[in-house]
Each structure stands twice: as C-alpha cells, then as structure tokens.
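Observations on chain architecture
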There are 2 protein chains.
Amino acid sequence: MPPKVKIGIDLSGSENSPESLLAAIRSLAAGLSTSIELILIGPDRLACHDLPYIAAHETIGMDDAPIIIRRKKRSPLWIGLDMLRKKKIDAFVSAGHTGALVLGAKTMLGMIPPLLRPALLALMPTKQKPIAVLDIGANVRVRAEHLVQFAFVGAAYQRSRGVELPAVGLLNIGSEAMKGTSEIRLAYQKLSQEPHPLFSFAGNIEGKDAFNGHVDVLVTDGFTGNVFLKTAEGMANLAIDCLPDDQIKEPLSHLSYAEYPGALLAGVQGVVIKCHGYSSPQAFVNGIREAIRIVKTNLIKNLAINFFLENDKSL
Amino acid sequence: MPPKVKIGIDLSGSENSPESLLAAIRSLAAGLSTSIELILIGPDRLACHDLPYIAAHETIGMDDAPIIIRRKKRSPLWIGLDMLRKKKIDAFVSAGHTGALVLGAKTMLGMIPPLLRPALLALMPTKQKPIAVLDIGANVRVRAEHLVQFAFVGAAYQRSRGVELPAVGLLNIGSEAMKGTSEIRLAYQKLSQEPHPLFSFAGNIEGKDAFNGHVDVLVTDGFTGNVFLKTAEGMANLAIDCLPDDQIKEPLSHLSYAEYPGALLAGVQGVVIKCHGYSSPQAFVNGIREAIRIVKTNLIKNLAINFFLENDKSL
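Residues numbered from 1 in each chain as written. Chains lettered and ligands numbered in written order. Predicted model: local features only at pLDDT ≥ 70, side-chain atom pairs only at ≥ 80, totals over all residues. Heavy atoms only, no water.

**Brief notes about the overall build of chain A**
Across its full length, chain A carries 10 helices and 11 strands. Relative to its length of 315 residues, chain A is compact, with a C-alpha radius of gyration of 19 Å against a globular reference of 20 Å. In terms of its C-alpha atoms, chain A occupies a principal-axis envelope of roughly 60 × 55 × 45 Å. Counting only residues that meet the buried cut, chain A has 60% of its 315 residues in that class. Look at the contacts in chain A between residues 6 or more apart in sequence, and 68% of them connect residues 24 or more apart. Approximately 12,700 Å² of chain A is accessible, and the part contributed by carbon and sulfur atoms is 52%. Mean positive and mean negative side-chain charge positions of chain A (33 and 30 charges, respectively) differ by 7 Å. (Helix = DSSP H or I, 4+ residues; strand = E, 2+ residues; numbered from the N terminus. Rg over C-alpha atoms; globule rule 2.2 N^0.38 Å. Buried < 20%, exposed > 50% of the residue type's maximum accessible area, 1.4 Å probe, protein only. Contact = heavy atoms within 4.5 Å. Areas by Shrake-Rupley, 256 points an atom, 1.4 Å probe, with all protein chains shown as cover. Lys, Arg positive; Asp, Glu negative; His and termini not counted. Charge placed at Lys NZ, Arg CZ, Asp CG, Glu CD.)

**Here we look at the nonpolar core**
Counting 230 residues, the largest nonpolar core has Ile7 and Ile288 of chain A together with Ile7, Ile25 and Ile288 of chain B as its most contacted members. The residues touching Ile7 of chain B, leaving out its near neighbours within four places in the chain, are Glu37, Leu38, Ile39, Ile89, Ala91, Val93, Ile288, Ala291, Ile292 and Val295 of chain B. (Core = buried A, V, L, I, M, F, W, Y, C linked by side-chain atoms within 4.5 Å.)

**Quick notes on the interface of chain A and chain B**
For interface size, the figure often reported is the accessible area lost on association. In this assembly, 47 residues from chain A lie in contact with 47 residues from chain B. Interface area for chain A against chain B, summed over the two sides, is near 4,000 Å², with a carbon-plus-sulfur share of 75%. On the chain A side of the interface with chain B, the three residues burying the most area are Ile173, Phe223 and Met235 of chain A, jointly 17% of the side's total. Counting across the chain A and chain B interface gives 4 salt bridges. A salt bridge links Glu206 of chain B to Lys230 of chain A; the shortest N-O distance between them is 2.3 Å. Linking chain A to chain B there are 8 residue pairs in polar contact (both at pLDDT 80 or more). Every element with two or more residues in the side of chain A that touches chain B is listed here: α5 (182-191), α6 (207-210) and α7 (222-242) of chain A. Take the side of chain A that touches chain B: its biggest share by element is 17 residues, from α7 of chain A. Residue classes in the side of chain A that touches chain B are distributed as 24 nonpolar, 12 polar and 11 charged. (Buried area = accessible area lost by both parts, 1.4 Å probe. Salt bridge = Lys/Arg side-chain N within 4 Å of Asp/Glu carboxyl O. Polar contact = N/O pair within 3.5 Å; in protein donor to acceptor, adjacent residues only side chain to side chain. Nonpolar A, V, L, I, M, F, W, Y, C, P; charged D, E, K, R; others polar.)

**Focus on the sheet that holds strand β5 (residues 119-124) of chain B**
The pairing of strands in a sheet comes from backbone hydrogen bonds and takes either a parallel or an antiparallel form. All names here are of chain B. If you walk across this open sheet you meet the 11 strands as β3-β2-β1-β4-β11-β10-β5-β6-β9-β7-β8, and the pairing is mixed. Among the strands making up the open sheet, the edge pair consists of β3 (53-56) and β8 (200-205). Along the sheet, successive strands turn relative to each other by an average axial angle of 25 degrees, direction set aside. Across 3 bridges, the pairing between strand β7 (residues 167-171) and strand β9 (residues 217-219) is parallel. Paired with Val168 across the strands is Val217, a residue of β9. (Pairing = 2+ DSSP bridges. Axes fitted to C-alpha atoms, helices over the stretch in contact; angles between N-to-C directions.)

**So, unusual backbone geometry**
That bond from Pro113 of chain A to Pro114 of chain A is cis: its omega, 5 degrees, falls within 30 degrees of zero. Position of Pro114 of chain A among the secondary structure elements: in the loop between α3 (98-109) and β5 (119-124). The step from Leu134 of chain B to Asp135 of chain B runs through a cis peptide bond, and the omega angle for that step is 5 degrees. Mapped onto the elements of the fold, Asp135 of chain B is located in the loop between β6 (131-134) and α4 (144-160). Backbone geometry places Lys87 of chain B, a non-glycine residue, at a positive phi of 60 degrees. Looking at the element boundaries, Lys87 of chain B is found in the loop between α2 (76-85) and β4 (91-94). By relative accessible area, Lys87 of chain B is classed as exposed at 67%. Its identity as a non-glycine residue notwithstanding, Asn298 of chain B has a phi of 55 degrees, on the positive side. One can find Asn298 of chain B in the loop between α9 (281-296) and α10 (299-310).

**Some words on the pattern of salt bridges**
All told, the structure shown has 20 salt bridges over all chains when counted by the stated rule. A salt bridge links Asp216 of chain A to Lys129 of chain A, with the shortest nitrogen-to-oxygen separation between them at 3.1 Å. One end of the pair, Asp216 of chain A, is in the loop between α6 and β9 (217-219); the other, Lys129 of chain A, is in the loop between β5 and β6 (131-134), with 87 residues separating them in the sequence. The exposure class assigned to Lys129 of chain A is partly exposed, which follows from its relative accessible area of 43%. With a closest N to O distance of 2.6 Å, Arg141 of chain B and Glu183 of chain A form a salt bridge. Pair noted here: Arg141 of chain B is in the loop between β6 and α4 and Glu183 of chain A is in helix α5, and the two residues belong to different chains. Here the salt bridges share partners, and the residues they tie into one network are Asp82, Arg85 and Lys86 of chain A.

**Digging into the pairing of strand β10 (residues 263-266) of chain B**
Residues and elements named next belong to chain B. Burial along β10 is two-sided: the face carrying Ala263 and Leu265 and the face carrying Leu264 and Ala266 are both buried. Bridging between β5 and β10 involves 3 bridges; their strand directions are antiparallel. Bridge pairing in β10 places Leu121 opposite Leu264. Note that β10 and strand β11 (residues 271-274) share 2 bridges and pair antiparallel. When the sheet's bridge partners are listed, Ala263 is paired in β11 with Lys274. Count of turn residues in the β10/β11 antiparallel hairpin: 4 residues, of which Gly267 carries a positive phi of about 110 degrees.

**What about the sheet that holds β6 of chain A?**
All names here are of chain A. Pairing within the open sheet is mixed, and its 11 strands lie in the order β3-β2-β1-β4-β11-β10-β5-β6-β9-β7-β8. Edge positions in the sheet fall to β3 (53-56) and β8 (200-205), since each has one partner strand and no second. Within the sheet, the average angular offset between the axes of one strand and its neighbour, ignoring direction, is 25 degrees. Both strand β2 (residues 36-43) and β3 contribute to a ladder of 4 bridges, which runs parallel. Bridge pairing links Gly42 to Ala55 in β3. α3 contacts β4 (91-94), β5, β10 (263-266) and β11 (271-274) of the sheet and is inclined by roughly 175 degrees relative to β11. Contacts between α7 and the sheet are confined to β5, β6, β7 (167-171) and β9, with β5 contributing the most and set at about 25 degrees to the helix.

Next comes the structure, spelled out in structure tokens:
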C-alpha cells in the first residue's frame, strides 16, 4: 500500500468563514480515497471532531507586513509550513496573507536549487489548452534571471501535466524583441540564445494573444501577472454580466475565476497552494484537489531532478 | 459660421490596406457636415481625387526606433504632426508606429505645461459608464509624479465628457496603501494627501474591479496599462468565442476592441488619436469621429486652462 497523502489545510485567511470552508471540505473528504488524509488548521473556536484538527492561537491580518510570520509561530501559516518542512504533511493549502506565505515558504522550506525566487503559478483557460501563468503575485519586481528561471519552472509544471515540449512566451506589450522593460528584453535575449531540450521559446506574447492557446507557459513578473489575472477575471465577469440569463451564461462559467483552484507557489521545496481570499468554498476545495494531484505527480522531485540534470549555467 | 474642423488622417501604418481605410473614410465623409474637412495623408501610389490628399514619400516601419521620425520628414507621421503644429489641421489620426508618434508629438507639438509626459488614454467599457484608462502604452516606465499628472489629465478628459467629479483610481494588485511598486505607493500617498476640487481619489483598484464602473479614471504606467487593455481584449474575444452563435454573442459585441476608436495622446498641445494597427476600418473611422468630438469640446484648451488655474505645485 502506498503511503498516505496528507494535505494540510488553513481554514483562516479566506473571505469565507472557516465554518463554510469546513462544510465544503467535509463533502470533499466524504468522496476521497482512504489513502488521502486532510488535516485542518483553524481558529480555536471551531469545533471539528470528524477530521484531524489543529487549533491555531494567532492570526495574520491582511494589513500585516509579510515579515510578521517570523513572530507568529502559532498562526496557521507558520504551523502549516512547519508541518510541511517536517514532512508531517505532503502539501499545504491556504487562502491567507500572500506575502507572509511566500516569505515563510521561502525561508522555512528553502528553494529548489538553483532557483532564486518562488513564483505563484496559475492555470488559466484559453481557446485551447490551459496556460500556466507565472508569476501572478509573489514578486512585485524581478530581474531577467528570475524571468528565465520562471520559464524553466513553468515548462516543468506543464510537463507534469503531460505537455511534451511546452511553448513558453514572455508577457509583453508587443512581439518585437526590443519591446518592454530592460528586464524583459534581457530575458528575451537569454531565452532565445539557444534551443532548449525541455521547452520551446515562443518569444513575446501580448495579453490579447495569451488566450489563443498558442503557448503553454506565460512568464511575467508578479505585478504584471497579478494585473493580467485579475483583468482577465474582471472582463470575464463583465462578459457574463452582459448576458441575459443563466442558460446563455453557462458556456462562460469556466472563465469565472471564483471557481479556480488557486495558484501553486512554485520553486520552494514543498507543495504550497495559495487560494484567492475571495474564491468560493468550491474553488478552495478545487485547490485541495490540485494539491493532491501535484503531490501524486511528484512535481517537486521532478523539478529538482530537471534542474540537477540541467546543470545549466544560464540559470 | 464657425470655422471648419480639419482632421488629418494617416492612411498608412495600419494592418488594413490604405485602400480599405479609404473606402471606409469615404462612407464617413459622405455623412459628415460640410463644416468638417478630412485631409488624407498616404502612400504615393494611392489615387484619391474626391478628398484632399497628401502623398507621403517615406514610411516608418514597425521595427524602426522611435527616433527615426526626426529623419523622416516625408513620412505620414511627420507630415501630420507638422500640419497640426502649424494649425493647418485641428487633429491628427494615425494607426502608425506608437513610439515615433509619441516622440514626434512630444517634441513637435510640445507638452501642455506643467505636464511632463504624454499618455495614451483609452475609454473602455464597464458594467456602468466607460472608464478612461491611461497610460496604455506611451511610457514603459513612469515616476510617481507622472502618475499623479495622469490622474489630473484623466479627470479633465472625463469632465470634458460630462462627468462632474470623476473618481480616479490607481491600478494596483491590492487595495491597501502599501501594495505595488514604490512609484505607485508614492503616487497613492500624493493623491490622498488632500481633497482635490476637480476629482475624487478612490485609491487602489484591482483589475477585477476596474470593470465594475465605480471609478471613471484608471491611472497606470504604459506597460501595465497596455497589458491591462490587451488582456481585457483577449478575454473578451475568448468569451465571445465560447458562445454558440451570433445572436447570443451580440450583447458582448461592445466588448470587442476591434471596434474601439483608438486612444487619445493626452498631454501634448494638439489632438492626436492613435488607433490600433490591427483595428478594423470601422474602428479607424470611430477614431476619426472621436477626433472630431474632442476638437469640438475644446479639450486641449480646457486642459491648459485647468492646469493654469490649478497652479498646483504638487503637479
């Protein structure tokens, strides 16, 4: 019998109450194989006797600075990351403070060498296959070398989903090599220098073309990526809003990010899934499903092996 | 009788042939008041005898550096901007090289004091009134003081459209004051320092909320704004693509940027409208209509008077 897959779940930090998340998680748990164990981390007050439950005596507020996680060792974020570090769980799912989660994961779990920065990676719908977009919010500013590493990470992620030779594009404001910021131009230059065995470089991609599905990975900094994700979300909701009734809206329902499974915090030594604070309980449950899938595909190990075999000084 | 409104129109630089633009412009011209004159600027080869036509003997390619406009004095961009400078026309409409148009307009027309940088301003649809977004591509990088000026320019533009006290937001990745880049944080601080008589500052706005219509002006740098515009366009097209037939798609047709009237190059001493290279002939014609509207509202004069009366050192 394979060992149990254990998923740690932070019930706080979401705009949904811990109670409503717990109800959705109970439904999920009822249908899961016995090889999967869900371990909840939540507030003191919550009574939960049917699933393993750890009470966290501190909270991290959305206005707190990320560094606060170092002092709040009884917060759900610290407890979850600490359990992940000690291999007591195989993945951690949270809708909590993004900055604190990123900083905590980087320092407590460490990076997969030679990666320098974690990136939040989200799958988004296109006219064809879903596109992996990173970074969608872990790093407000990046250097060219980070963007190049994000290309490798995004490609490895898509390979774990069965895409053989992922096409990787850089999010930019035009297709020409000299477009955009100096960091993007330098990353373009580095990525186009020589063909790479693990992915093909598709050059610059504009926002309007990202949804055609011609590339599998879209690389950007965390500020631009966050604007990209939320703008797509806003426009999808506007489009849905423009249609007269639910039946006609239905083909657009998969464009609504309220149902999205959250983002993978890629690059750290552990599976961390960050859900939107405003995502629905169902989306949160989808995030848990995604965590289970990623643990099963051994993504972290594969990433590490890829980079070990790679031994590419350009990284 | 009021003086004629003269609009200079660059037929080159679009992905549409000059011939197809000319056909659409002829239809427009047939329905215009005799107080409006359209003056075309296009390639040598084109035969046009029914409308005033100026042949341009040089072209500017999309791969050329912006600075090339200084050497190409027989290009449509130089000819149009020169006519605008000499008041031979009241507005200039072009789908040509963005960088060359911005640089040319800034140096040949000059800025409205105390403005430092031109910004491309586009109107976009929301659930309520259209939102003016700037900058959507004139400046890849900006400083906080530029963002603050864009807030004033965007507000003046919306006032010219009849919005009494425009609400101005900063495009950011969260609503909290400390979110985003250092430039945005500083602009936030400057804009929230004291109430302003001409607009209300609505703080940070996320991409997902921009389409709710709660703000009238969305301020951002030209890189992020361009990504915002094109991402919205891409998602709108994806949504339209997901629907089964034309009748059901119809309520979304106004979300398709192919029909958009282009962007105003705001801040320079003259009315310059930049159309997408890939916009349809109809959208290009909409750009000409927008140029006529802006000339009639005396936007440039009003902007200059606003800033003169303002005499605000924070600008």
